[in-house]
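Notes for the structure review
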Amino acid sequence: MNYPRECWYVAATIDEVGDNLVARRILGTPVLLYRLADGSVAALEDRCAHRPYPLSAGYRDGDRVVCGYHGCTYDPDGSCVLIPSQDNPPPGARVRAFPVHVSEPFVWVWMGTPGSARLRPPPATPELTSGDGWSSTGERRDVAAGFLLLHEHYLDLTNVFEMHAEMVPPGIEALPPLEEVEISEVSVSYARELPEAPLAPWEAAVSGLDSSEAFSRRETGTFVTPGLHRQTYTISGGDSPVFELVRLHGFTPQTPGSTRVFLQLAWRGTAVATDAGQRLTEVFHVMADRDSRVIETMQRCLDEDEPSRRYVNVKADRAAVRARRIVQSMIEEERGL
Ligand code: FES
């Protein structure tokens, strides 16, 4: 496997999980999600303990789930409490239940060693939960590529000139080199300052600022965990931020070669346009479409390549290379290497 298991991943957004039974594949495992009467979310392995049949093909009985094949019934903790054809379930009749943490809009799930989840809470996303002037919107999609290709792509934004030229402020010909790359054992982040420049059309449209004035910008990107990437983009006039944008990506491996992506945008500013949410949704949807096509193409190339094929790294890859090493060492630690 090319992903660590001892990590929180986004299983769904909270609006996806209601009275229905939601089937997901997470780290190669079929997972069933559903909302309990008290508002919390249960995550069970989406397989009946009796036969290889998905519980998501069954139905709910209050907080319990009934298998649609022979009627075995499960509590939200995964224990089988009823088998219609006999008096009592046999000992050990249960399915795995996974720890869940809801921090809106994300429903996080822990697929690693049971009991370890409490030691490491999911990463904080204050822009999505604190209020504090922030607004938020998002989308999700499946990408036919390994999750690490997505992390690497978003940790090196020097592709914008080729891929998203309309996003670049007028007059900026190249991104300055990374000024700071902060590395810890488990995360890596970079920052860069852009020289003062007028607003690109998308910036003017969402920020409500005067497009004839020049502004500075600071961009940061962080590999927070294998399950979360965080990018910030701050437009400043003088010394003060006048528009802040945070782009979060929850990357959840479905299989080694496919990833569920949860894109969430948060923004605030001094003169934000009333339709900023709609405009940002459109702009970043188009970007995500292009990004997905390139990343899926890279995955196809990787699948075709000889295992010995190597690629060259350049300076802009520093953060991405570090993220790959962090993931590799997490996987090796889990394997006991
Ligand atoms: S397969 Fe589920 S009850 Fe038999």
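Residues numbered from 1 in each chain as written. Predicted model: local features only at pLDDT ≥ 70, side-chain atom pairs only at ≥ 80, totals over all residues. Heavy atoms only, no water.

1. Concerning the overall build of the protein
Rules: Each helix is a run of H or I in the DSSP string that is no shorter than four residues. Each strand is a run of E no shorter than two, and both are numbered from the N terminus. The globule rule is 2.2 Å times the number of residues to the power 0.38, and the radius of gyration it is compared with is taken over C-alpha atoms. For the exposure calls, accessible area comes from a 1.4 Å probe over protein chains only, and a residue counts as buried if that area is under 20% of its type's maximum, exposed if over 50%, partly exposed in between. The contact definition used throughout considers only heavy atoms, calling two residues in contact when any of these lie within 4.5 Å. Per-residue accessibility takes into account occlusion by the displayed protein chains alone, with areas from the Shrake-Rupley method and a 1.4 Å probe. Positive charges are assigned to Lys and Arg, negative charges to Asp and Glu, while His and the chain termini are left out of the count. Where a charge sits is defined by one atom per residue type, namely NZ (Lys), CZ (Arg), CG (Asp) or CD (Glu).
On a plain count of helices and strands, the protein comes out with six helices and 17 strands. Against the compact-globule benchmark of 20 Å for 337 residues, the protein has a radius of gyration of 22 Å, which places it among compact chains. Here the C-alpha coordinates of the protein stretch approximately 75 × 50 × 35 Å along the principal axes. Classification of the 337 residues of the protein by burial places 50% in the buried group. Put simply, of all contacts in the protein between residues at least 6 apart along the chain, 58% involve residues at least 24 apart. Carbon and sulfur atoms make up 50% of the accessible area of the protein, which totals about 16,100 Å². The centroid of the 33 positive side-chain charges in the protein is displaced by 6 Å from the centroid of its 47 negative side-chain charges.

2. A few points about the side chain of Asp46
Threshold: One speaks of a salt bridge when a side-chain nitrogen belonging to Lys or Arg is within 4 Å of a carboxyl oxygen belonging to Asp or Glu. Polar contacts, as counted here, are pairs of nitrogen or oxygen atoms within 3.5 Å of one another; within protein the pair requires one atom able to donate a hydrogen and one able to accept it, and residues that are adjacent in sequence qualify only if both atoms are side-chain atoms.
The topology assignment puts Asp46 in the loop between β4 (41–45) and β5 (59–61). Buried charge without a salt bridge: Asp46, with Arg47 as the nearest opposite-charge side chain at an N-O distance of 5.0 Å. Separated by 2.9 Å, the side chain of Asp46 and the backbone nitrogen of Leu55 make a polar contact. If we ignore the near neighbours within four places in the chain, the residues touching Asp46 are Ala23, Pro30, Val31, Leu32, Tyr53, Pro54, Leu55 and Ser56.

3. What to know about the UniProt feature "domain: Rieske" (unreviewed entry) in the protein
For clarity, the threshold we go by: UniProt positions are given in the numbering used here, feature names are shortened, and annotations may be inferred rather than shown by experiment.
As annotated by UniProt and renumbered to match this structure, "domain: Rieske" (unreviewed entry) occupies residues 8–109. The span residues 8–109 carries 0% helix and 41% strand; its end-to-end C-alpha distance comes to 6 Å.

4. Notes on the layout of surface pockets
Defined as follows: Two kinds of site are reported from a 1 Å grid over the protein atoms alone, namely cavities, where a 1.4 Å probe fits but cannot get out, and pockets, open sets with protein on both sides within 12 Å along at least five of seven lines, and residues are called lining when an atom falls within 4 Å of a point. Grid points are joined across faces, edges and corners, and a volume is the space filled by probe spheres set on the points.
For the largest pocket, the calculated volume is near 1,200 Å³. Lining of the largest pocket is provided by 35 residues; of these, Leu149, Glu152, Leu302, Tyr311 and Arg324 occupy positions nearest its centre. The set of elements that each furnish at least two residues to the lining of the largest pocket consists of α2 (147–154), α5 (276–304) and α6 (318–335). The dominant element in the lining of the largest pocket, judged by the number of residues it contributes, is α6, at eight residues.

5. Focus on the packing of aromatic side chains
Put simply, the rule is: In this analysis, rings of Phe, Tyr and Trp, with Trp reduced to its six-membered ring, are considered paired at centre separations within 6.5 Å, and the interplanar angle assigns stacked below 30 degrees, edge-to-face beyond 60, and tilted for intermediate values. In this scheme, the term charge over a ring applies when either NZ of a lysine or CZ of an arginine sits within 6 Å of the ring centre and within 35 degrees of the ring normal.
The tally for this structure, following the rule as stated, stands at six aromatic pairs. For the ring pair Tyr154 and Phe251, a centre distance of 6.1 Å and an interplane angle of 25° mean the geometry is stacked. Of the two residues, Tyr154 sits in helix α2 while Phe251 sits in strand β16 (residues 240–255), which places them 97 residues apart along the sequence. On the numbers, 5.9 Å between centres and 85° between planes, the contact of Trp202 with Phe284 is edge-to-face. In this pair, Trp202 sits in helix α4 (residues 201–207) while Phe284 sits in helix α5, placing the two residues 82 residues apart along the sequence. Owing to a relative accessible area of 10%, Trp202 belongs among the buried residues under this scheme. The class of Phe284 is buried, set by a relative accessible area of 6%. Through successive ring pairs, a cluster of aromatic residues spans Trp202, Tyr233 and Phe284. In this structure, Arg309 packs its charged tip against the face of Tyr311, placed 4.2 Å from the ring centre.

6. A word on the sheet that holds strand β9 (residues 100–103)
Put simply, the rule reads: Strands qualify as paired when DSSP identifies two bridges or more between them. Every axis corresponds to a line fitted to the C-alpha atoms, with the helix fit spanning only the stretch in contact, and the corresponding angles, defined between N-to-C directions, vary from 0 to 180 degrees.
Across the sheet, which stays open at both edges, the three strands sit in the order β1-β10-β9 with antiparallel pairing between neighbours. Of all strands in the sheet, those bounded by a partner on one side alone are β1 (8–13) and β9. Here the average twist between neighbouring strands, direction ignored, is 30°. Bridging between β1 and strand β10 (residues 106–110) involves five bridges; their strand directions are antiparallel. Bridge pairing in β10 places Ala12 opposite Val107.

7. A few points about the pairing of strand β17 (residues 258–269)
Most of β17 is tucked away, with 10 of its 12 residues classed as buried. As defined by bridge partners, strand β11 (residues 135–143) adjoins β17 across nine bridges and the pair is classed as antiparallel. Bridging across to β17, Glu139 finds its partner in Leu263. Of the pairings in the sheet, the one linking β16 to β17 comprises 12 bridges and is antiparallel in character. Bridge pairing in β17 places Thr252 opposite Arg260.

8. Some points on the sheet that holds β4
Ordered by their spatial adjacency, three strands build an open sheet running β2-β3-β4, and the pairing between neighbours is antiparallel. On the outer flanks of this sheet lie β2 (22–26) and β4, each paired with one strand and no other. Across this sheet, the average inter-strand angle for adjacent strands is 30°, counted without regard to direction. With five bridges joining them, β2 and strand β3 (residues 29–35) adopt antiparallel strand pairing. Looking across to β3, one finds that Arg24 is bridged to Val31.

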